[in-house]
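Breakdown of the fold
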Amino acid sequence: MVKKRPIPPQGRRVGVLGKGGTTKSTTLGHLLAHWSDRGIPVAAADQDIPGDGEVGSLLTWARTQNLGGTVHPPIPHTRLREETRRLTPPGGIFAVDTEAWKKVAGGPHFSVLAAVDLAVWFMQPTDTEMERSGSVFGAIDHLTAVGAANVPRLVIVLSMVNRQSKAHIETRAALTDEGYHVLETMIPFTQASRGYAHAVGKPVRLVDNSPMDLLAAELLEEMSK
Ligand SMILES: Nc1ncnc2c1ncn2[C@@H]1O[C@H](COP(=O)(O)OP(=O)(O)OP(=O)(O)O)[C@@H](O)[C@H]1O
Ligand SMILES: [Mg+2]
């Protein structure tokens, strides 16, 4: 696929945020591989510190499979901003995976918001999740209100989507009405044996025009702005 607008020379930083189990790590692994496949240098940090013996993190996935670039272990929050700047490949993308969003003022997620250009919020399209997302929307509004040095642009990805249900249409409409930017691409809920639910830890399958490929393209557009 042809790159229309490249990432600027200074690179871009993207943070992946969302409540627990919203496909952040699975999707980010695919995105890194798709960006890299398009010739964009990538690197990432896994800020989600897994418990002992826990599998399924971006870091452990990258230890056994090629995700297209280096995945760094958690970076201390106080150094995240400067380290992500240092580690961003020229003309490339540095991505930050995070643990489940918690509504904690000044919590670890705020260091991610302070470090990235683009915040990608993953959410299931339900009323409950929309209400629960209020705290991240509020956090970004707060950073803007206090004149923080860095306020990332926010985009929303609907994930675990059942296309048979109208929920994603209603949620998209409600979020758009409130002025939020919901990306076109959605991550479908799938438990197929070769599907996303079983992807972590395995070689990434790069499938043209798959949701992961389309999301990689859409986020590239966002980051070229
Ligand atoms: N598209 C999908 N459809 C159905 N299940 C999925 C999909 N993608 C991932 N899963 C499964 O859902 C669970 C959560 O996925 P994942 O670990 O990627 O989410 P996460 O947002 O990173 O979670 P956490 O907040 O714990 O870090 C895993 O068991 C994963 O295998
Ligand atoms: Mg995760």
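See the structure above.
So, how was this worked out
- Residues numbered from 1 in each chain as written.
- Chains lettered and ligands numbered in written order.
- Predicted model: local features only at pLDDT ≥ 70, side-chain atom pairs only at ≥ 80, totals over all residues.
- Heavy atoms only, no water.
- Phe/Tyr/Trp six-rings, centres within 6.5 Å; stacked < 30°, edge-to-face > 60°.
- Buried < 20%, exposed > 50% of the residue type's maximum accessible area, 1.4 Å probe, protein only.
- Helix = DSSP H or I, 4+ residues; strand = E, 2+ residues; numbered from the N terminus.
- Core = buried A, V, L, I, M, F, W, Y, C linked by side-chain atoms within 4.5 Å.
- Contact = heavy atoms within 4.5 Å.
- Axes fitted to C-alpha atoms, helices over the stretch in contact; angles between N-to-C directions.
- Parallel < 35°, antiparallel > 145°, perpendicular 65-115°, else oblique.
- Nonpolar A, V, L, I, M, F, W, Y, C, P; charged D, E, K, R; others polar.
- Pairing = 2+ DSSP bridges.
- Near = heavy atom within 4 Å.
- Polar contact = N/O pair within 3.5 Å; in protein donor to acceptor, adjacent residues only side chain to side chain.
- Areas by Shrake-Rupley, 256 points an atom, 1.4 Å probe, with all protein chains shown as cover.

As for the packing of aromatic side chains
Within this structure, the stated rule accounts for 3 aromatic pairs. Here Trp101 and Phe110 contribute two aromatic rings whose centre-to-centre distance is 6.1 Å and whose plane-to-plane angle is 35°, an arrangement assigned as tilted. Take Trp101 and Phe110: they sit in the same class, and that class is buried. Considering the side-chain rings of Trp101 and Trp121, the 5.8 Å spacing of their centres and the 90° angle between planes classify their relative orientation as edge-to-face. Of the two residues, Trp101 sits in the loop between strand S4 (93–97) and helix H4 (108–113) while Trp121 sits in strand S5 (residues 118–123), which places them 20 residues apart along the sequence. Among the residues examined, Trp121 registers a relative accessible area of 0% and is labelled buried.

Some words on the nonpolar core
Within the largest apolar cluster, 33 residues are counted, with the highest numbers of intra-cluster contacts made by Leu32, Trp35, Ile93 and Leu219. Broken down by secondary-structure element, the contributors of at least two residues to this core are strand S1 (12–18), helix H1 (24–37), strand S2 (42–46), helix H2 (58–64), S4, S5, strand S6 (153–158) and helix H8 (211–224). Looking at this core element by element, the count peaks at 6 residues for H8. Among residues more than four places away in sequence, those in contact with Leu219 are Leu31, Trp35, Leu118, Val120, Val155 and Leu183. Of all hydrophobic cores here, the second largest spans 31 residues; its members include Val96, Val112, Leu113 and Met186.

Considerations on the packing of H1 against H8
In contact at an axis separation of 9 Å, H1 and H8 are set at 70° when each is read in the N-to-C sense. The pairing of H1 with H8 is recorded here as roughly perpendicular in orientation. Judged by residue contacts, Thr26, Thr27, His30, Leu31, His34 and Trp35 of H1 engage Met212, Asp213, Leu215, Ala216, Leu219, Leu220 and Met223 from H8. Of the residues in the contact of H1 with H8, the class split is 8 nonpolar, 4 polar and 1 charged.

Observations concerning the pairing of S2
Burial runs high along S2: 5 of the 5 residues are buried. Side chains Val42, Ala44 and Asp46 of S2 all project onto a buried face; the interleaved residues Ala43 and Ala45 project onto the opposite face, where all are buried too. Bridge count between S2 and strand S3 (residues 69–72): 4 bridges; the pairing is parallel. Across the sheet, the residue bridging to Ala44 is Val71, located in S3. Of the strand pairs in this sheet, S2 and S4 are connected by 5 bridges, and their pairing is parallel. Residue pairing in the sheet places Ala44 in a bridge with Ala95 of S4.

Side note on the sheet that holds S2
The 6 strands lie next to each other as S3-S2-S4-S1-S5-S6, forming an open sheet whose pairing is parallel. The strands lining the two open edges of the sheet, one partner per strand, are S3 and S6. The mean inter-strand angle of the sheet, taken between neighbouring strand axes irrespective of direction, is 20°. In the packing of helix H7 (residues 167–177) onto the sheet, the strands contacted are S5 and S6, and the crossing angle to S6 comes to about 165°.

What to know about the site of ligand 1
Around ligand 1 sit 16 residues in total, of which Lys24, Ser25, Thr26, Pro188 and Ala197 are the nearest. In this structure, an oxygen atom belonging to ligand 1 sits 2.5 Å away from a side-chain N or O atom of Thr26. Contacts to ligand 1 include Thr190, whose backbone N or O atom sits 2.9 Å from a nitrogen atom. About the coverage of ligand 1: the protein hides 75% of its 630 Å² of free accessible area. Along the lines of polarity and charge, the residues of the shell around ligand 1 split into 7 nonpolar, 7 polar and 2 charged.

Focus: the environment of Pro188
Mapped onto the elements, Pro188 comes out in the loop between H7 and H8. Separated by 89 residues in sequence, Pro188 and Glu99 place their C-alpha atoms 21 Å apart. In contact with Pro188, not counting residues within four places along its chain, are Met160, Val161, Tyr196 and Pro211.

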